[in-house]
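# A look at the structure
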Amino acid sequence: MTRQIILRHPDKPPLEDHEEDLRWYCNSMGFGSGRDTERVAPAIIATLLRRYAREPGIPVDEIAADLAISEARVNHHVRHFLESGILFRRKKLVCIRGNSLCSLVREIRKDADRIFDDLEEAAAEIDALHGIPIRPK
C-alpha cells in the first residue's frame with residue numbers, strides 16, 4: 001500500500017492557543033486545510049485526543065455524534081487519515097497512530113527515514129551504473 005503524507009511548514013501561531021495550535025499541527029501534516037473550511041479534520045483529531053484517556057479508539061458514529069455532523073462526513077475525513085497512515089482501525093474503532101500526536105510524528109519520521117534510506121541505496125546503484133563516483137559521507 002502506498003501512503004502519502006504531505007508536510008507543510010506554515011508559520012506557527014504567535015500566541016499559545018490550543019485550538020490554533022491543533023489547526024497549525026493539522027495544516028502542517030497536510031490535512032484540515034483547503035476545502036475543509038469548517039475544520040472538520042482538526043475537530044476529529046481533537047475528539048480522538050479528548051476521549052483517548054478513557055478510550056483508545058472511537059467508532060465513527062460516536063465521533064459524528066460528538067461533532068454533530070453526519071457519519072458520511074466523518075468517514076470522508078477518516079478515509080483520508082487512514083490512507084495517509086495517520087489513523088488506523090482496530091475493528092470498528094478509529095485510533096490515532098502511535099496513540100498520541102507526538103508518537104505519530106515519531107512514527108512518520110521513522111517512515112521518512114526508511115524511505116530516504118531506500119532512495120539513497122537506489123541512487124547509489126544508479127550512480128554506479130552510470131560511472132558517477134560517490135563522495136564519502
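We now turn to the structure provided with this report.

Conventions used here
Note on numbering: residues in each chain are counted from 1, in written sequence order. Only residues with pLDDT of 70 or above have their local features reported here, since the model is predicted, and side-chain atom pairs are shown and tallied only from 80 upward, although totals for entire chains, interfaces and linings are computed over all residues. Side-chain numbers here rest on the full set of heavy atoms in the structure, without hydrogens or water. When a carboxyl oxygen of Asp or Glu is within 4 Å of a side-chain nitrogen of Lys or Arg, the pair counts as a salt bridge. Working definition: helices are DSSP H or I runs of at least four residues, strands are E runs of at least two. Numbering for both runs from the N terminus. Each residue is assigned to one of three classes by its accessible area relative to the maximum for its type, calculated with a 1.4 Å probe on protein chains only: buried under 20%, partly exposed between the two thresholds, exposed over 50%. Each nonpolar core is a collection of buried residues, namely Ala, Val, Leu, Ile, Met, Phe, Trp, Tyr and Cys, held together in the definition by side-chain atoms within 4.5 Å. A contact between two residues is defined here by any heavy atoms of the two lying within 4.5 Å.

### With respect to the pattern of salt bridges
In the structure shown here, the tally under the stated rule is 10 salt bridges. Arg 97 is the partner of Glu 107 in a salt bridge, and the nearest nitrogen-oxygen pair spans 3.6 Å. Of this pair, Glu 107 sits in helix 5 (residues 101-129) while Arg 97 is found in the loop between strand 3 (93-96) and helix 5, placing the two residues 10 residues apart along the sequence. The class for Glu 107 is partly exposed, based on a relative accessible area of 26%. Between Arg 114 and Asp 111 there is a salt bridge, and its shortest N-O distance comes to 2.4 Å.

### Section: the nonpolar core
The tendency in soluble globular proteins is for nonpolar side chains to be buried as a group. Judged by nonpolar contacts, the single largest core of 26 residues is most densely connected at Phe 31, Ile 45, Leu 48, Val 74, Phe 81 and Leu 87. Counting residues per element, the ones that place at least two in this core are helix 1 (18-28), helix 2 (40-52), helix 3 (60-67), helix 4 (71-84), strand 3 and helix 5. If one sorts the elements of this core by residue count, helix 2 sits on top with six residues. Not counting residues up to four positions away in its chain, the partners in contact with Phe 31 are Arg 8, Cys 26, Ala 41, Ile 45, Phe 81 and Ile 86.

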